[in-house]
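Per-entry structural report
Each chain is listed here by its residues.
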Protein chains: 2
Amino acid sequence: MTKFKLLTLSFAITGACVAWAAANEPIQPVKPPANINLGMVELGKKLYFDPRLSKSGFISCNSCHNLSMGGTDNIATSIGDQWQQGPINAPTVLNSSLNVAQFWDGRAADLKAQAGGPIANPGEMAFTHTLALGVLESIPAYVRDFTQVFGKDKVDIEQVTLAIAEFEKTLVTPNSRFDQWLLGKKDALTGDELAGYKLFKDSGCIACHNGEAVGGNSFQKMGIVSAYKANSPAEGRSAVTGKDADRFNFKVPTLRNVELTYPYFHDGAANTLGEAVDTMGRLQLGKTFTKDENAKVVAFLKTLTGDQPSFMMPILPPSSDATPRPKPFAKK
Amino acid sequence: MTKFKLLTLSFAITGACVAWAAANEPIQPVKPPANINLGMVELGKKLYFDPRLSKSGFISCNSCHNLSMGGTDNIATSIGDQWQQGPINAPTVLNSSLNVAQFWDGRAADLKAQAGGPIANPGEMAFTHTLALGVLESIPAYVRDFTQVFGKDKVDIEQVTLAIAEFEKTLVTPNSRFDQWLLGKKDALTGDELAGYKLFKDSGCIACHNGEAVGGNSFQKMGIVSAYKANSPAEGRSAVTGKDADRFNFKVPTLRNVELTYPYFHDGAANTLGEAVDTMGRLQLGKTFTKDENAKVVAFLKTLTGDQPSFMMPILPPSSDATPRPKPFAKK
């Protein structure tokens, strides 16, 4: 009994320390997802991987937000229907449930609102919601899934985007070495990595990159101290608000798994983390990191890679004779 | 002891019946893969899913031989680099280790010889073996994988194609309802399905579609009784042998999982199984199946869908600063 009480006390103290450690840092550990509807997740996973939601039958959500590659396509700007060049870098889907809003300009309030966008975007999946629903309703196994999950007699786009968003809520990446350190494992980081974290805080990076996602929770101007010469026509938040003051304001990207989500910035112009840190320092903070400082910040950033989503490759239900066949080479 | 002996005897009799049942049918059950190098499979799986083996960084083996969709892209002819239209229907990768040779015209002797083709084909992944090796050698985690699996100090294309082929050897689909029936589960098929199998045999389909893969083991002319009007310029086996007699000879496709591998034929012109059965009957056998017969053959064919490959979605190792970045929109 005494031993048991001591153990309990010891756990209580450890717990308190952990809570203290995390609470006193401007970055919080990623929490595993809660309140998840597993039936909806399984349906959403299939939809996420299903290229039949595109006009060509070739492009799925996973094409540009590839879960084998940090939830991105690792290309400066994405490839859309007919090999169209996208206007902006595909942001990672990992931890996107933590974002204040979706898309670089925040034009979608949440994951559900985002999910319908690319399907109907002529430069991306180039389909329409009506045509996508027609495909889904022609596939008996999908109809059964939707009926089971939503209990309605008709598939609508609301259900499609809800299911995709529910799957995306599971795509968080806890257990990074940095989070282990936050949670009390003091040897989880090397001296250089800790020094990089200190530089990250002391130099001001932390002003925008903070919280659970180390970003994603505010809009900021790209090019505060010096102007950014972008490879992209995107002007960010002003496209949503109509305010000239919001030009070149973009959602601060999460730095979780940033080692995997190259190339960087809304135009994908920075190929390496070292380059991104250098540009951010000069343009946003008016600070030129030395080579040694830069390497330490990069070493810290690489500790933010968490456990990647781990799941069985989904098997999609086959089309029926009634399913419209994609015509990827048809001109309009 | 007596009970144990009786059980043993009973198993022995069942075993004998099973062997008998399978041995007397022209189709044999799919066997699980043997002699598999698991380290090589894990490496090959990553390579199979890695779009960095393409010029664009967008197309992987899985793009056109999608393991969520019966190992095909379900498009008449595939989409290649810069949205080029492929000349032929992508055959399923499922059970392809059972094929007498690879590609519709059999120009590759085996899976290893096949795997290098699409990477360097200007109309498909549009890369070169040298450039692909440069990418792999710049990624430390890949170099470690290759060293561990092959024990050499340099990555070469031989290793890449061997690993992909080893993964593909695992992509067999045992346990279809038809195989359960072959193995003695007499209620695995309905009356209509059995009637369809009898029609399949009695009408002559079985002459070409037989063996473990229900096809894949011979080359045959497309259009024996009447000529086939193809949507494709492909002339098949003659491109390999140079013999005029081999024009329009193609490898007989496997019918395993044929429910999932639509559209059908080397030009992908048949959208449904019913259409494919009708065309095959008329052109290859001079037989017009009635609507009822056609439905029964189709019902039989759908019993050939086996257990789909089941594995965790692979997580790819990130590029390093030294990895050349893809330029999907660059003109040559």
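Residue numbers restart at each chain and count upward from 1, following the sequence in its written direction. Each chain is given a letter, starting from A, and each ligand a number, starting from 1, according to the order in which they appear as written. Under the rules for a predicted model, residues below a pLDDT of 70 receive no local features and side-chain atom pairs below 80 are neither given nor counted, while totals for whole chains, interfaces and linings still include all residues. The basis for every side-chain value is the complete set of heavy atoms in the structure, and neither hydrogens nor water enter the calculation.

1. Structural notes on the overall build of chain A
Scanning chain A from N- to C-terminus turns up 12 helices and four strands. Each residue gets one of three labels from its accessible area relative to the maximum for its type: buried under 20%, exposed over 50%, partly exposed in between, using a 1.4 Å probe on protein chains only. Considering chain A as a whole, with its 332 residues, one finds that 54% of them fall into the buried category. Counting contacts in chain A only where the partners sit at least 6 residues apart, residues at least 24 apart contribute 70% of the total. In short, Shrake-Rupley with a 1.4 Å probe defines the accessible areas, and a residue's cover is counted only from the protein chains shown. With the model as given, the accessible surface of chain A reaches about 14,700 Å², and the carbon-plus-sulfur share is 59%. Side chains of chain A give 34 positive and 32 negative charges; the mean places of these two sets differ by 1 Å. Numbering of helices and strands starts at the N terminus; helices are DSSP runs of H or I of at least 4 residues and strands are runs of E of at least 2. Any two residues whose heavy atoms approach within 4.5 Å at even a single point are treated as in contact. None of His or the chain ends enter the tally, which takes Lys and Arg as positive and Asp and Glu as negative. The atoms used to mark charge sites are NZ of Lys, CZ of Arg, CG of Asp and CD of Glu.

2. Some points on helix H4 (residues 111-120) of chain A
Of the positions making up H4(A), those classed as buried are A:Leu111, A:Gln114, A:Ala115, A:Gly116, A:Pro118 and A:Ile119. Buried positions along H4(A) lie against helix H5 (129-137) and helix H7 (157-169) of chain A.

3. Quick word on the confidence of the model for chain A
Caution applies to low-pLDDT regions: their predicted coordinates should not be interpreted in detail. Residue and element names in this part refer to chain A. Confidence per residue, as judged by the predictor, is encoded in pLDDT with a range of 0 to 100. Within chain A, residue pLDDT values average 93, and 93% of them lie at 70 or more. Confidence drops under pLDDT 50 across residues 6-18; counting only partners more than four residues distant or on other chains, this segment forms two contacts. For this predicted complex, the interface score ipTM comes out at 0.93, while the overall pTM is 0.93.

4. Notes on the pattern of salt bridges
Residues and elements named next belong to chain B. A side-chain nitrogen of Lys or Arg and a carboxyl oxygen of Asp or Glu constitute a salt bridge if their distance falls within 4 Å. Per the stated rule, a full pass over the model turns up 34 salt bridges over all chains. Taking the shortest distance from any N to any O, the salt bridge between Asp202 and Lys198 comes out at 2.9 Å. Linking Asp202 with Lys198, this pair stays in helix H9 (residues 191-202), spanning four residues, or about one helical turn. Per residue, the accessibility class of Asp202 equals that of Lys198, and both read exposed. Between Lys287 and Glu293 there is a salt bridge, with its nearest N and O atoms 4.0 Å apart. You can call Lys287 partly exposed: its relative accessible area is 25%.

5. Some details on empty space enclosed by the protein
Site definitions follow a grid-based scheme: protein atoms alone, a 1 Å grid, a 1.4 Å probe that fits but cannot get out for cavities, and for pockets an open set with protein on both sides within 12 Å along at least five of seven lines, plus lining residues having an atom within 4 Å of a point. Grid points are joined across faces, edges and corners, and a volume is the space filled by probe spheres set on the points. Applying the stated criterion to the full structure yields three cavities of 30 Å³ or more. When its volume is computed, the largest cavity comes out at roughly 390 Å³. Taken together, 24 residues line the largest cavity, and the ones lying closest to its centre are A:Asn62, A:Ser63, B:Ser60, B:Asn62 and B:Ser63. Of all the secondary-structure elements, those providing two or more residues to the lining of the largest cavity are helix H3 (61-64) of chain A together with helix H3 (61-64) of chain B. Each residue receives one of three labels: charged for Asp, Glu, Lys and Arg, nonpolar for Ala, Val, Leu, Ile, Met, Phe, Trp, Tyr, Cys and Pro, and polar for the others, Gly being one of them. Here the residues of the lining of the largest cavity sort into 10 nonpolar, 12 polar and two charged.

6. Details of the interface of chain B and chain A
Across the contact, 48 residues belong to chain B and 48 residues belong to chain A. Accessible-area loss on putting two parts together, using a 1.4 Å probe and summing over both, is the definition of buried area adopted here. Interface area, chain B with chain A, both sides summed: about 4,000 Å², of which 70% is carbon and sulfur. Among the residues of chain B in contact with chain A, B:Phe58, B:Trp83 and B:Met313 are the three that bury the most area, contributing 22% of the side total. Run the count over chain B and chain A and you get zero salt bridges. Distance and chemistry together define a polar contact, namely a pair of N or O atoms within 3.5 Å, with one atom able to donate a hydrogen and the other to accept it when in protein, and with adjacent residues in sequence counting only for side-chain atoms on both sides. At the boundary of chain B with chain A, the tally comes to 14 residue pairs in polar contact (both at pLDDT 80 or more). If you tally residues by element for the side of chain B that touches chain A, the top one is H3(B), at three residues. Its residues assigned to classes, the side of chain B that touches chain A comprises 23 nonpolar, 19 polar and six charged.

7. A closer look at the packing of aromatic side chains
Residues and elements named next belong to chain A. The criterion for an aromatic pair is that two Phe, Tyr or Trp rings (for Trp, the six-membered ring) have centres within 6.5 Å, with stacked assigned to planes under 30 degrees apart, edge-to-face to planes over 60 apart and tilted to the rest. The final tally for this structure, using the stated rule, is 30 aromatic pairs over all chains. Where Phe200 meets Phe300, the ring centres are 5.0 Å apart and the plane angle is 55°; that geometry is what we call tilted. Here Phe200, found in helix H9 (residues 191-202), pairs with Phe300, found in helix H12 (residues 291-301); they are 100 residues apart in sequence, far enough to count as distant. As far as burial versus exposure is concerned, Phe200 and Phe300 are alike and both buried. Three or more aromatic residues joined by ring pairs make a cluster, and in this case those are Phe178, Trp181, Tyr197, Phe200 and Phe300. The cationic tip of Arg107 hangs over the ring face of Phe103; the distance from NZ or CZ to the ring centre is 3.7 Å. A ring is scored as having a charge over it whenever the NZ atom of a lysine or the CZ atom of an arginine sits within 6 Å of its centre and within 35 degrees of its normal.

8. Examining the nonpolar core
By nonpolar core we mean a set of buried residues, namely Ala, Val, Leu, Ile, Met, Phe, Trp, Tyr and Cys, connected to one another through side-chain atoms within 4.5 Å. In this structure, A:Leu47, A:Leu67, A:Phe146, B:Leu47, B:Leu67 and B:Phe146 are the most contacted members of the largest nonpolar core, which totals 80 residues. Non-local contacts of A:Phe146, meaning those with residues more than four positions away in its chain, are made with A:Leu43, A:Leu47, A:Leu136, A:Gly151, A:Val155, A:Gln159 and A:Val160.

9. Things to note about the relation of the copies chain B and chain A
A residue counts toward the fit only if its pLDDT is at least 70 in both copies, and the copies are then superposed by least squares on the C-alpha atoms of those residues. Superposition record for chain B on chain A: RMSD 0.0 Å, screw rotation 180°, translation along axis 0.0 Å. Accordingly, the operation relating the two chain copies is best matched by a two-fold axis. Across chain B, the smallest distance between a C-alpha and the rotation axis is recorded for B:Met312, namely 2.1 Å. Comparing interface residues between copies, 100% of those in chain B also sit at the interface in chain A, which points to an isologous, same-surface contact.

10. A look at the packing of H9(A) against H12(A)
Residues and elements named next belong to chain A. Remark: H9 packs on H12, axes separated minimally by 7 Å, with the N-to-C direction vectors making an angle of 100°. Taken as axis vectors, H9 and H12 run roughly perpendicular relative to one another. Packed against H9, whose contacting residues are Asp192, Glu193, Ala195, Gly196, Tyr197, Leu199 and Phe200, the element H12 presents Glu293, Lys296, Val297, Ala299, Phe300 and Leu301 at the interface. For the contact of H9 with H12, the class distribution of residues is eight nonpolar, one polar and four charged. In this analysis, axes come from line fits to C-alpha atoms, helices being fitted only over the stretch in contact, and the angle between any two N-to-C directions falls in the range 0 to 180 degrees. Roughly parallel means an angle under 35 degrees; roughly antiparallel means over 145; roughly perpendicular covers 65 to 115; every other angle is labelled oblique.

11. What to know about the side chain of A:Arg325
Inspection of the secondary structure puts A:Arg325 in the segment after H12. Put simply, A:Arg325 is tucked away with no salt bridge, and the nearest opposite charge, on A:Asp321, sits 5.0 Å away. A polar contact of 2.7 Å, which involves the side chain of A:Arg325, links it to the backbone oxygen of B:Asn271. The residues touching A:Arg325, leaving out its near neighbours within four places in the chain, are A:Ser319, A:Ser320, B:Tyr262, B:Asn271 and B:Thr272.

12. Observations regarding the packing of helix H11 (residues 273-285) of chain B against helix H12 (residues 291-301) of chain B
All names here are of chain B. Taken N-terminus to C-terminus, the directions of H11 and H12 make an angle of 115°; their axes are 9 Å apart at the nearest point. Between H11 and H12 the crossing geometry is right-handed. Here H11 contributes Leu273, Gly274, Val277 and Asp278 to the contact with H12, which in turn contributes Asn294, Val297, Val298 and Leu301. The class makeup of the residues in the contact of H11 with H12 is five nonpolar, two polar and one charged. Throughout, a crossing is termed right-handed when the near helix is turned clockwise from the far one, and left-handed when it is turned anticlockwise from it by less than a right angle.

13. What about helix H6 (residues 140-150) of chain A?
Residue and element names in this part refer to chain A. Residues Tyr142, Asp145, Phe146 and Phe150 constitute the buried set of H6. Viewed end-on, H6 has its buried residues packed into an arc of 100°, placing them on one side of the element. Of the exposed residues in H6, the ones pointing more than 90 degrees away from its buried face are Arg144 and Gln148. Packed against the buried residues of H6 are helix H2 (38-49), H5 and H7. Note on H6: the residue one or two positions beyond its end, Gly151, has a positive phi of about 65°. The arc in question is the one spanned by the directions pointing from the helix axis to the C-beta atoms.

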